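A look at the structure
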2 protein chains.
Amino acid sequence: MDVAIVGGTGKEGFGLALRLLGAGHRVTIGSRVAERAADAVARAKEALGDDVRVEGGENAAAVLGAQVVVVTVPFAGMIEIYESIAPALQSGQAVLDATSPLMSAVGGKAWEAIGPWHGSAGEVAASLVPDGVSVVAGFHTIGAHALSDLDRELESDALLCADDEDAKRMVGELIDSVPGMRWVDAGPLANARITEPLTAMIITINRRYKVRDGGFRITGRDSWGALES
Amino acid sequence: MDVAIVGGTGKEGFGLALRLLGAGHRVTIGSRVAERAADAVARAKEALGDDVRVEGGENAAAVLGAQVVVVTVPFAGMIEIYESIAPALQSGQAVLDATSPLMSAVGGKAWEAIGPWHGSAGEVAASLVPDGVSVVAGFHTIGAHALSDLDRELESDALLCADDEDAKRMVGELIDSVPGMRWVDAGPLANARITEPLTAMIITINRRYKVRDGGFRITGRDSWGALES
């Protein structure tokens, strides 16, 4: 799949880029500054070899032609970032929004959640993309540290919330293609109001237990992913 | 341990009563109507044998002498129930509040959450108990069906939120004493704002995948429970 990662030079975005490249996808790393994207491309090749299909560019250029656009940026920067990429987004693209609304956006604590007026960051994102572009909220329960540590399998499920079932399934297939990663259909986009604050919960648990990789697995069924139709 | 279960004739409360009795605790099943509590006592003895130490009574009578008072009632009834037991609660008791604020309280859907003014049902509970009684919010991710099916081990973690660390640890020990159950320290009582809506998330997942036992396991550490001091 062709994937763009907006904010792909950050720890979470770059970790996800490495995982997706390792699974054989074409990844374009986006950044506000083209030089930082080029640096991330060099680091990705250093980690995985020259054969991986990775490119870099400014965020708005990076999203062109991608089937899935992943947005991993801090909540405080999300509106500016979405406004910068919106003119470049094309109908039919799916946006995987991984933004977690945390009090750190306003100088507070990262283990305290904040409630956006729209209900969730995913719904803020949906208000900022053009018609025909679908937002899938997810990935809030997967830590940057766990993503970056390529020697370890991921142990946390991606809870995906979206109103567009096709877009949700496309993003789900992308996630399932990475070893150790699973996705769970967590309902409509509005359910991001429930899943996004889980980032604050995991940070709380990581701090309390002095671990770095706390996460969630959904139990009750051996496999999740796409629903049988 | 001496445990009272207010709302212990409901499916979740009764399932928990059976699990705690099976682990050797003394359980008093509370109900608004004494006859229904007596009926639940008879059903518990039928399921587990006459040797289990189970009694029943009206809610306010049931809480007397208990170390842990578990409250498993629908959100729509919680204020009336707390007002009825508050005069009987004694300083030093811990209340495990399992209330999930759901739209079903006002005729809506059980897979949509509702936001209490206080922040969470746990914080509503804290506003209704006497000084010296500590509220621990938890158990929102453990389904009534899974609790009642005694042939199966529970696969979901109890995320406990409380400001009183001693009360949280006492409730945690109670949970750990039941085979297959684990507790995780999920931070202060205000974090119930994050954990309570997970009930709506699990109901969403159960409905989508046509399962009855969806739950959460926390990953990243082999054992959770009490923090090392």
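In case you missed it, the structure is sitting above this.
Reading the values: rules and limits
Residues numbered from 1 in each chain as written. Chains lettered and ligands numbered in written order. Predicted model: local features only at pLDDT ≥ 70, side-chain atom pairs only at ≥ 80, totals over all residues. Heavy atoms only, no water. Core = buried A, V, L, I, M, F, W, Y, C linked by side-chain atoms within 4.5 Å. Buried < 20%, exposed > 50% of the residue type's maximum accessible area, 1.4 Å probe, protein only. Contact = heavy atoms within 4.5 Å. Pairing = 2+ DSSP bridges. Helix = DSSP H or I, 4+ residues; strand = E, 2+ residues; numbered from the N terminus. Axes fitted to C-alpha atoms, helices over the stretch in contact; angles between N-to-C directions. Buried area = accessible area lost by both parts, 1.4 Å probe. Salt bridge = Lys/Arg side-chain N within 4 Å of Asp/Glu carboxyl O. Least-squares fit on C-alpha atoms with pLDDT ≥ 70 in both. Parallel < 35°, antiparallel > 145°, perpendicular 65-115°, else oblique. Left-handed = near helix turned anticlockwise from the far one by under 90°.

**Details of the nonpolar core**
- Within the largest apolar cluster, 79 residues are counted, with the highest numbers of intra-cluster contacts made by Val 69 and Val 95 of chain A together with Val 69 of chain B.
- In this view, Val 95 of chain A contacts Val 69, Val 71, Tyr 82, Leu 89, Val 129, Val 133, Ser 134, Val 135 and Val 136 of chain A; residues no more than four positions away in its chain are not counted.

**Observations concerning the sheet that holds strand S6 (residues 134–137) of chain B**
All names here are of chain B.
- Strand order in this open sheet of six strands is S3-S2-S1-S4-S5-S6, and the pairing throughout is parallel. Either end of the sheet is taken by a strand with one partner, and the two such strands are strand S3 (54–58) and S6. Averaged over neighbouring strand pairs, the angle between their axes works out to 25° when direction is ignored.
- As defined by bridge partners, strand S1 (residues 2–6) adjoins strand S4 (residues 68–71) across four bridges and the pair is classed as parallel.

**Re the interface of chain B and chain A**
- On the side of chain A, 34 residues touch chain B, which itself brings 35 residues to the contact.
- A buried area of about 2900 Å², summed over both sides, lies between chain B and chain A, and 65% of it is on carbon and sulfur atoms.
- The largest share of the area that chain B buries against chain A comes from Ile 194, Arg 208 and Tyr 209 of chain B, three residues that together contribute 26% of it.
- Across the contact surface, chain B and chain A share four salt bridges.
- Between Arg 208 of chain B and Glu 165 of chain A there is a salt bridge, with the nearest N and O atoms lying 3.3 Å from each other.
- With seven residues, helix H9 (residues 198–209) of chain B is the largest single contributor of residues to the side of chain B that touches chain A.
- As judged from the five bridges shared by strand S9 (residues 215–219) of chain A and strand S9 (residues 215–219) of chain B, these two strands associate in the antiparallel manner. Counterpart to Ile 218 of chain A in the pairing with S9 of chain B is Phe 216 of chain B.

**Quick look at the relation of the copies chain B and chain A**
- Rotating chain B by 180° and moving it 0.0 Å along the rotation axis overlays it on chain A with an RMSD of 0.0 Å. In the structure described here, the two chain copies are related by an operation that fits a two-fold rotation axis. For chain B, the residue whose C-alpha comes nearest the rotation axis is Arg 217 of chain B, separated from it by 2.5 Å.
- Mapped onto chain A, 97% of the interface residues of chain B are again interface residues, and the two copies thus contact each other with one and the same surface.

**Points about the sheet that holds strand S4 (residues 68–71) of chain A**
Residue and element names in this part refer to chain A.
- Strand order across the open sheet formed by six strands is S3-S2-S1-S4-S5-S6, with parallel pairing between neighbours. Each having just a single partner strand, strand S3 (54–58) and strand S6 (134–137) make up the two edges of the open sheet. With direction set aside, neighbouring strand axes in the sheet form an average angle of 25°.
- In this structure, strand S1 (residues 2–6) lies alongside strand S2 (residues 26–31), joined through five bridges in parallel fashion. Across the sheet, Val 3 pairs through a bridge with Val 27, a residue of S2.
- Sitting on the sheet, helix H4 (residues 78–85) touches S1, S4 and strand S5 (94–97), and the angle it makes with S5 is about 165°.

**Remarks on the pairing of S4 of chain A**
Residue and element names in this part refer to chain A.
- What you see with S4 is no split at all: Val 68 and Val 70 on one side and Val 69 and Val 71 on the other are buried throughout.
- With four bridges connecting them, S4 and S5 associate as parallel partners. Note that in S5 the partner of Val 68 across the bridge is Ala 94.

**Looking at the packing of helix H4 (residues 78–85) of chain B against helix H5 (residues 121–128) of chain B**
All names here are of chain B.
- Axis separation between H4 and H5 bottoms out at 10 Å; the angle between their running directions is 30°. Here H5 runs roughly parallel to H4, going by the angle between their axes. The two elements H4 and H5 cross, and the hand of that crossing is right-handed. Only Ala 121, Val 124, Ala 125 and Leu 128 of H5 make contact with H4, whose side of the interface consists of Met 78, Ile 79 and Tyr 82.

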